[in-house]
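This is what each chain is made of:
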Amino acid sequence: MAEIIIGTGAAVPAYVLDNDGVAELVETDDAWIRERTGIRQRHIAKEETTASLAEEAACRAVVDAGIAPNRIDLIVVATATANQRMPCVACEVQEKIGAQQAACFDLNAACTGFVLAYQTAAAYLKAGIYRTALVIGSDCMSQVIDWQDRSTCILFGDGAGAAVLQRQPGLSYLPVAGADGRKGEVLSCQALYEEQPFYKKSGDSGFLRMDGQAVFKFAVRKVPEAILEVLESNGLSTGDIDWFVIHQANRRIIESVARHLGISMERFLVNLQEYGNTSSASIPILLDEGKHSGRLKKGQRLVIAGFGAGLTWGASIVQIA
Ligand code: UT7
């Protein structure tokens, strides 16, 4: 048994903050941000929330898949920025789209979240437990950004993307995933327990903190490794892959991954110039744009690969119906 993507959807907030807008908040400029990251602008949630963006992306993916919501057996939402601790965002999506038959849960693996949510849903399908799953990545990173910290606030944006997976007979691909919990401090964000000061440790800020160079070095080493591992474990090579869809954090990371793999940047989908780093949403937004722009075609074989806080990483081979 295998799984295939039969529908995609995406949603981003209406408000656009360009690099000049960021330069009004911290000492930076458009030229530096473009040159060091490739980012031109990002969407920031003013009215929207992690749940509302997830719901919008989910509705679009279900319409795109052409299935009735009550045929969805499972909803998994990857997020690190849910507005509430419970109920989970997946339950809010279920209620909104009328997928009453679906089991629901959220999963947090930061920017690797969508890849791990995809792998989790695919495992249920391959095991024959469920037939149809809705996988969503949704994050409002703007909520946890310190808008006075120029080393992070230039990078992130808000958004959501969704994919409907369906079980189908055929060859199933093995996934790759890993983590190094010893490197947690490289990219972290403390939860604030303001109601219960007892839990609050000195130094907690509730803001994302990052050693950018350490994350950069980790990504340019680990992402090509994970891609080569997932190809090898499935008896494939880079030539068997039509598109590489990797987490959108910095254009220089994507270029380095392409160089390591010895393949042209033209085989990578890239949209971080428009959205910045949308964490768990970056890969499904790319899938949706690729599908609707006609670049991703029926039957093509893709590699999705993510990396992020944890540190975590993952790669999978996916197919579009
Ligand atoms: O989902 C995973 C999330 N995270 C990532 O993927 C982050 C990966 N890391 C990166 O993308 C890069 O490390 C950054 C974009 C965060 C930083 O780029 P960098 O090329 O590593 O810059 P740097 O930290 O080495 O700083 C170079 C210089 C420094 O000045 P000096 O010491 O050379 O005079 C910084 O103070 O650039 C300065 N700088 C800035 N200048 C203008 C740092 N941030 C900025 C800024 N605007 N926003």
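Reading guide: rules and limits
- Residues numbered from 1 in each chain as written.
- Predicted model: local features only at pLDDT ≥ 70, side-chain atom pairs only at ≥ 80, totals over all residues.
- Heavy atoms only, no water.
- Near = heavy atom within 4 Å.
- Polar contact = N/O pair within 3.5 Å; in protein donor to acceptor, adjacent residues only side chain to side chain.
- Areas by Shrake-Rupley, 256 points an atom, 1.4 Å probe, with all protein chains shown as cover.
- Helix = DSSP H or I, 4+ residues; strand = E, 2+ residues; numbered from the N terminus.
- Pairing = 2+ DSSP bridges.
- Axes fitted to C-alpha atoms, helices over the stretch in contact; angles between N-to-C directions.
- Contact = heavy atoms within 4.5 Å.

Colleague: Any details on the site of the ligand? Residues and values, ideally.
Modeller: Neighbouring residues of the ligand: 22 residues in total, closest T28, R36, C111, Q213 and N250. Measuring from a nitrogen atom of the ligand, one finds a side-chain N or O atom of W32 at 3.4 Å. One nitrogen or oxygen atom from the main chain of G212 is found 2.9 Å from a nitrogen atom belonging to the ligand. Here the ligand, which alone exposes 950 Å², has 71% of that area covered by the protein. Broken down by secondary-structure element, the contributors of at least two residues to the shell around the ligand are helix 2 (30-37), helix 6 (150-153), helix 7 (212-233) and helix 8 (251-261).

Colleague: How would you sum up the sheet that holds strand 7 (residues 158-168)? Please name residues and give values.
Modeller: One open sheet accounts for five strands, arranged 1-7-6-4-5; its pairing is mixed. Only two strands of the sheet have a single partner each, and these edge strands are strand 1 (2-11) and strand 5 (103-107). Mean inter-strand twist for the sheet, computed between neighbouring axes without regard to direction, equals 20°. Where strand 6 (residues 132-140) meets strand 7, nine bridges bridge the pair, whose relative direction is antiparallel. Bridge pairing links C140 to D158 in strand 7. Taken strand by strand, helix 4 (residues 89-97) contacts strand 4 (74-78), strand 5 and strand 6, and its axis lies near 130° from that of strand 4. Most of the contacts of helix 5 (residues 113-126) go to strand 6, to which it runs at about 170°, and overall it touches strand 1, strand 4, strand 5, strand 6 and strand 7.

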